[in-house]
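Chain and residue survey
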Amino acid sequence: MKKTSRVAYNLWRRVQSWLTIFELSVQERLVYRGEFFLGALMRFLPIVTQILLWAAIFEAVGGVTQARIVGYSYRQMVAYYLLTMISRAFSSMPSLASGIARDIRDGNVKKFLVQPVDLLGFLLLHRVAHKVVYYVMALGPFFVIFYLCRGFFEGWPDGSVISAYILSLLLAFLLGFYLEATIGLVGFWFLEVSSLVFVFMLLNFFFSGHMFPLDMLPEPFRSLVALLPFQYLAYYPSAIFLGKVPAETVWLGVGVQGLWTLAAFVTARVVLYLGVRRYSGFGG
Amino acid sequence: MGRAFRVILTCARNSLVRELMFRTNFIIVTAASLLWVCANIAFYLLVFQYTPSIGAGTGWGRSQFFVFFATGLIINSIVHSVFMPNADLFSERVRTGVLDFLLVKPLDCQVLVSFERLDLSTGGNLVVGVALLIFSLIELGWVPGVIPIALYVIYVVCGVAILYSLMFSLAATTVWLGRNQTLYDFWFYLTIFGRYPMEIYRGPLGLPLRIVFTFVIPVLIVVNVPARLLIRPLYPQTLPEWGLPLFALAATAGSLWCCRRIFQAAIESYRSASS
Amino acid sequence: MIVLETKGLTKHYRVYQKQEGLWASLRGLMRREYRTIEAVRGIDLQVERGEFVAFLGPNGAGKTTTLKLLSGIITPTAGTARVLGHIPWKRENAYRRRFALVMGQKHQLWWDLPAADSFRLHQQIYGIERRQFEQTRDELTTILGVRHLLDRPVRELSLGERMKLELVAALLHRPEVLFLDEPTIGLDVVAQYSIQQFLKQYQQKYHTTILLTSHYMKDVAALCRRVIVIVAGQVVYDGSLSGIMHRFSRDKIVTVVLSDGRPAGELARFGEVVSTEWPRVKIRVPRPQVTEAIAGILHSHAVQDLSVEDPPLEEVIVEVFSHAELSPRQSSTGAGVAKGRENSP
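As a starting point, this report considers the structure included with it. (Residues numbered from 1 in each chain as written. Chains lettered and ligands numbered in written order. Predicted model: local features only at pLDDT ≥ 70, side-chain atom pairs only at ≥ 80, totals over all residues.)

Orientation of helix 3 (residues 45-61) of chain A relative to helix 10 (residues 203-216) of chain B, taken along the N-to-C sense of each, is 120°, at an axis distance of 10 Å. Between helix 3 of chain A and helix 10 of chain B, the interaxial angle falls into the category oblique. Of the two possible hands of crossing, helix 3 of chain A and helix 10 of chain B adopt the one that is left-handed. Contacts between helix 3 of chain A and helix 10 of chain B pair A:Val48, A:Ile51 and A:Leu52 from the former with B:Leu205, B:Gly206 and B:Leu209 from the latter. For the contact of helix 3 of chain A with helix 10 of chain B, a count of residues per class yields 5 nonpolar, 1 polar and no charged. (Axes fitted to C-alpha atoms, helices over the stretch in contact; angles between N-to-C directions. Helix = DSSP H or I, 4+ residues; strand = E, 2+ residues; numbered from the N terminus. Parallel < 35°, antiparallel > 145°, perpendicular 65-115°, else oblique. Left-handed = near helix turned anticlockwise from the far one by under 90°. Contact = placed C-beta atoms within 7 Å. Nonpolar A, V, L, I, M, F, W, Y, C, P; charged D, E, K, R; others polar.)

See the structure below:
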């Protein structure tokens, strides 16, 4: 009895500290208001050039209504970019890796080694808070853009696809988080990880499908990219939504995504464990 | 004027000395930005696997487009190596209050702020840009004469000046906005409109954008004008076709003027944070 | 000759008031609250050529803001100032060539490069003739004992060494007026002392007009004959350092060394006993009663030795600050900090 109540108390304390971290993170975001609105709005500007660019390309191929490129109609192509923006809103982690590396370099990381707060847990909560605030703020602009662009979509997919899509998005968030966190934690070994971050960003940009639908890649690149985790950060959720993934393999794909996420989680944990051991071995 | 020039040279020399101290970093950044360019080239190569040109009958075939792309690369790499580190440093100084020291120097503050640092790590992009330009021109079998080349150089400089103005106007807003992480975002999102041939801006969505980004924030003419002047299909032959190049000169002057005004207003509102 | 003159110099800032709590932050998105800080409130000054003036005052009193106004970094809300015949915030090159600013908390030397490179840049910015540049550089670095550090990257130097080089950088163009904002902050005693000595010598030699703010009374006592106390943006005292004692210290410290065994406790009736290190006892006695108290002590105790001193300078200054902080704020309604609310644009 006593033991369970203590466990419950500890858990409650922990939840409370999580809530505080969450609240402080939210506040931190809100202080810079001007930036926030501008940032949320501007995120939609590139899509405009994509719409226009692809219109011009489809026109040269045979007209925006008839032409197909790797099975994508003009409307689907634009829809793909719009959906990719949602995927990216989940999976992108601005300044996560560089932030961790900086904390390690400046010694700020010590407080996590001293206080009973888990570094990765703290960062995850921090990130969730930032994302939540972002979604709340960006909901308006997102809604407006998708309403204006509703013509590019061919109606809602069925419930099973939608649920696979949502799960895939959540996994994309976790996958993105643990991948970037791992890169940041490499900072325990190398002082400067910015180049690593850059290479990751580049791979991410090119192979996640952020830049173009991965179906456009010629073989053997298409098959190779399918073996990397990057496609789950942007391409895969969007492809599910657009019905580009055959119905029978949708859940299989989400399962593979789950495995990648698990692998990234374990890697981040192991790297953190080894990094801390190395760090304390040096005596800070 | 001579003094300002000597100061700029000394700053450049100091920057180089500094850069040589961090050689590994220099090499890594150079490699990374080259990779980035390669990724972009790969994307367009991929796109041209599926289409003969961007837009029907616009003349922007693969090689023409790569002339355009190379021009963008040249202009952007100049802006990024000369002005980006300075805009960054300027924001940082406004935030920390170290701008104080530049304000008490007997030299125009904007000159000091604009040219103090030099970051040659994106210089690799310039080399790639020039190489890609020459390669694409050879592929087209087009040898430009002296006048097109001279005009090209002049308009590349104009493009750099327009982007400089935009960048420093944005950086100056740090004075009012406090933190300015979105500086790069803003920069990225605005300049993205200059990345494509202006023909793609058509229809009810494109046309207003074309007008805004030509006349209000003239990023669209930065790359378009020099690239157009260099390649034959778009070479201006009649008097009305000279309208755009002439306007580009006016836009350059206007951008620089606006930037100057914004910069001065920013300095007037500067509060000098105490560390 | 008057080098520097201000009349009613005033600077107000408007700052965003950060709200506590989540909901307040959310509200802050819609409507921001601003607070006006009256950093400097009508300062009148006259400084003669060759004076060495110290600004004293608690944190946030407006000392640094005054220096920033005088160097033209910021523009005042009201009032006028003339330094060397120029209005500072016009930022004319003719003016900027003639003064220098050193801040203990901000550095201008290139962090990764040797100071020599930054110096060369200064030479060109100020257009200093080469021979004069080299002569000044060598002279100043020799006096400060940092000549051998010129070719080492600044980031490898200690704070004291860096500060000395910052000083040299500021003096390369031989400014006629020098503003020093806490030049010795964070330095160890040795570095503090050597910078003090340097400033003293330098000022004696070149008769530069120097305005200094510092938290270290030792700096002030060693260097400045004239002291200006600024509290809450206003000048509350302008005069000699010893004058502060006369004006603000109402007490004297009487130290007696007793030779008999009578309890020191009895001495409490002459004043507050500050410390007792038997047989040495220190008593704080109000100034007008000093004579009376001495007579009383001599009468009631066997005294081996007796001395009368001013209380420590720091102590008096603290008293001046706290004293002055009350009076002007009470006189002006709004308590020096006006609150305002505004809808955001």
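It is worth spelling out the sheet that holds strand 12 (residues 280-286) of chain C at this point. Strands in a sheet are paired, the pairing made by backbone hydrogen bonds, and the direction either parallel or antiparallel. Residue and element names in this part refer to chain C. A sheet is described by the order of its strands in space; here 4 strands give the open sequence 11-12-10-13, paired in antiparallel fashion. In the strand order of this sheet, the two ends are held by strand 11 (272-277) and strand 13 (303-309), each with one partner. Pairwise comparison of adjacent strand axes, ignoring direction, gives a mean angle of 20° for this sheet. Strand direction decides the pairing type here: strand 10 (residues 251-258) and strand 13, joined by 6 bridges, are antiparallel. Along strand 13, the bridge assignment pairs Leu 258 with Val 303. (Pairing = 2+ DSSP bridges.)

Let us now look at the interface of chain B and chain A. Tallying the contact residues gives 32 residues for chain B and 29 residues for chain A. Listed by contribution, the elements that provide at least two residues to the side of chain B that touches chain A are helix 2 (23-50), helix 9 (182-191) and helix 10 of chain B. Here the side of chain B that touches chain A takes 10 residues from helix 2 of chain B, the largest share from any one element. Counted by class, the side of chain B that touches chain A contains 22 nonpolar, 7 polar and 3 charged residues.

Before going further, it helps to examine the nonpolar core. Judged by nonpolar contacts, the single largest core of 218 residues is most densely connected at A:Trp54, A:Leu175, B:Val67, B:Met167 and C:Ala54. With 16 residues, helix 3 (residues 62-96) of chain B is the largest single contributor of residues to this core. Residues contacting C:Ala54, with those up to four places away along its chain left out, are C:Leu212, C:Ser214, C:Val220, C:Cys224, C:Val227 and C:Ile228. Among the nonpolar cores identified, the runner-up in size contains 10 residues, and C:Ile253, C:Val256, C:Ile283 and C:Ile297 belong to it. (Core = buried A, V, L, I, M, F, W, Y, C linked by C-beta atoms within 7 Å. Buried ≥ 20, exposed ≤ 12 C-beta atoms within 10 Å, placed from the backbone.)

Remember that the coordinates give geometry; whether it matters functionally is a separate question.
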